[in-house]
Amino acid sequence: ELKVEQNPLFLSMQEGKNYTIYCNYSTTSDRLYWYRQDPGKSLESLFVLLSNGAVKQEGRLMASLDTKARLSTLHITAAVHDLSATYFCAVDRNSGNTPLVFGKGTRLSVIA
Amino acid sequence: GAVVSQHPSWVICKSGTSVKIECRSLDFQATTMFWYRQFPKQSLMLMATSNEGSKATYEQGVEKDKFLINHASLTLSTLTVTSAHPEDSSFYICSARDPRGMNTEAFFGQGTRLTVV
């Protein structure tokens, strides 16, 4: 059974601080996805990582993928309150036109 | 703009009634769409895969007679929650991939908040 494990599940961090969210998965997939979800809303795509060693950055968020370790990280730099949300990583269940399997999510709260 | 559109965004219904949720791909044809359910403070769980022109594939534990899926065209899939009960109250989200992009990215609808009273 494909497993996607995120940690931490809950994260409270001060504004201005840095932190990393980890996503481990059990498949051999070389693609990984990060999403943001605000309360009551659907998913917003943050990053699509398509190969080993991929690194993408958008604002204060940076995601990386190590397919050999089956690990992706989402690094938060100098957190601000607007980053408070739930972050999900996900992997393809199979190849091709396939559903995603999601981690449990990391609920991030950035406090002053 | 949104490439997958879901309607309605929220619905309240009485126990025992049926509710239909629509999911449309706006600028691409989707032979396959995916329906997820999300309970409060939990992750998304795949309910079923909707296949255009054929029967949907349901995940283990999902009642096919309760959650009817119809994928009658290449741009529309519908999920009907039949004889809804309060325990069916949840956030339902559909998803589709654009084949023109080698299925690399999954697009999600806005979600439907179902409340059964």
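Residues numbered from 1 in each chain as written. Chains lettered and ligands numbered in written order. Predicted model: local features only at pLDDT ≥ 70, side-chain atom pairs only at ≥ 80, totals over all residues. Heavy atoms only, no water.

Caption draft 1: Here's a closer look at the overall build of chain B. Per the secondary structure count, chain B includes zero helices and eleven strands. Counting all 117 residues of chain B, 52% fall into the buried class. If you take every contact in chain B between residues at least 6 apart in sequence, the share linking residues at least 24 apart comes to 52%. For chain B, the exposed surface amounts to about 5,800 Å²; the carbon and sulfur share of it is 53%. Distance between charge centres in chain B, computed from 11 positive and 10 negative side chains, equals 4 Å. (Helix = DSSP H or I, 4+ residues; strand = E, 2+ residues; numbered from the N terminus. Buried < 20%, exposed > 50% of the residue type's maximum accessible area, 1.4 Å probe, protein only. Contact = heavy atoms within 4.5 Å. Areas by Shrake-Rupley, 256 points an atom, 1.4 Å probe, with all protein chains shown as cover. Lys, Arg positive; Asp, Glu negative; His and termini not counted. Charge placed at Lys NZ, Arg CZ, Asp CG, Glu CD.)

Caption draft 2: Here's a closer look at the interface of chain B and chain A. Chain B puts 24 residues into the contact, and the matching count from chain A is 23 residues. Here chain B and chain A share an interface that buries about 1,700 Å² over both sides, 49% of which is from carbon and sulfur atoms. Per-residue buried area on chain B facing chain A is highest for R97, T104 and F108 of chain B; these three make up 27% of the total on that side. The tally of links from chain B across to chain A stands at two salt bridges. Here R93 of chain A makes a salt bridge to E59 of chain B, at a shortest N to O gap of 2.7 Å. Of all elements in the fold, only β4 (32-38), β5 (44-51), β9 (90-97) and β10 (106-108) of chain B reach the threshold of two or more residues within the side of chain B that touches chain A. In terms of residues, the side of chain B that touches chain A owes the most to one element, β4 of chain B, which gives four residues. Looking at the side of chain B that touches chain A residue by residue, the class counts come to nine nonpolar, ten polar and five charged. (Buried area = accessible area lost by both parts, 1.4 Å probe. Salt bridge = Lys/Arg side-chain N within 4 Å of Asp/Glu carboxyl O. Nonpolar A, V, L, I, M, F, W, Y, C, P; charged D, E, K, R; others polar.)

Caption draft 3: The sheet that holds strand β8 (residues 76-81) of chain B, seen in detail. Residue and element names in this part refer to chain B. With antiparallel pairing, four strands are arranged side by side in an open sheet as β1-β3-β8-β7. Strand pairing shows two members of the sheet lacking a second neighbour, β1 (4-7) and β7 (67-73), which therefore form its edges. Direction aside, neighbouring strands of the sheet carry axes that sit 15 degrees apart on average. With four bridges joining them, β1 and strand β3 (residues 19-25) adopt antiparallel strand pairing. Its bridge partner being in β3, S5 is matched across the sheet by R24. (Pairing = 2+ DSSP bridges. Axes fitted to C-alpha atoms, helices over the stretch in contact; angles between N-to-C directions.)

Caption draft 4: A look at the side chain of T20 of chain A. Residues and elements named next belong to chain A. Examined against the element boundaries, T20 turns out to sit in strand β3 (residues 19-25). A polar contact is formed between the side chain of T20 and the side chain of H75, at a distance of 2.7 Å. With residues up to four places along the chain from it excluded, the contact list for T20 reads P8, T73, L74 and H75. (Polar contact = N/O pair within 3.5 Å; in protein donor to acceptor, adjacent residues only side chain to side chain.)

Caption draft 5: Geometry of the environment of G109 of chain B. Examined against the element boundaries, G109 of chain B turns out to sit in the loop between β10 and β11 (112-116). Judged by its relative accessible area of 2%, G109 of chain B falls in the buried class. Taking the C-alpha atoms as reference points, G109 of chain B and A96 of chain B, 13 residues apart in sequence, are found 8.5 Å from one another. Filtering out sequence-adjacent residues up to four positions away, G109 of chain B remains in contact with S42 of chain A together with V4, Q6, I93 and C94 of chain B.

Caption draft 6: Fine view of the packing of aromatic side chains. The final tally for this structure, using the stated rule, is eight aromatic pairs over all chains. Relative to F108 of chain B, the ring of Y36 of chain B lies with its centre 5.9 Å away and its plane at 45 degrees, an arrangement referred to as tilted. With a gap of 72 residues between them, Y36 of chain B in strand β4 and F108 of chain B in strand β10 connect regions that are remote in the sequence. The exposure classification of Y36 of chain B matches that of F108 of chain B, with both residues buried. Joined through ring pairs, the aromatic side chains of Y35, F88 and F102 of chain A together with Y36 and F108 of chain B make up one cluster. (Phe/Tyr/Trp six-rings, centres within 6.5 Å; stacked < 30°, edge-to-face > 60°.)

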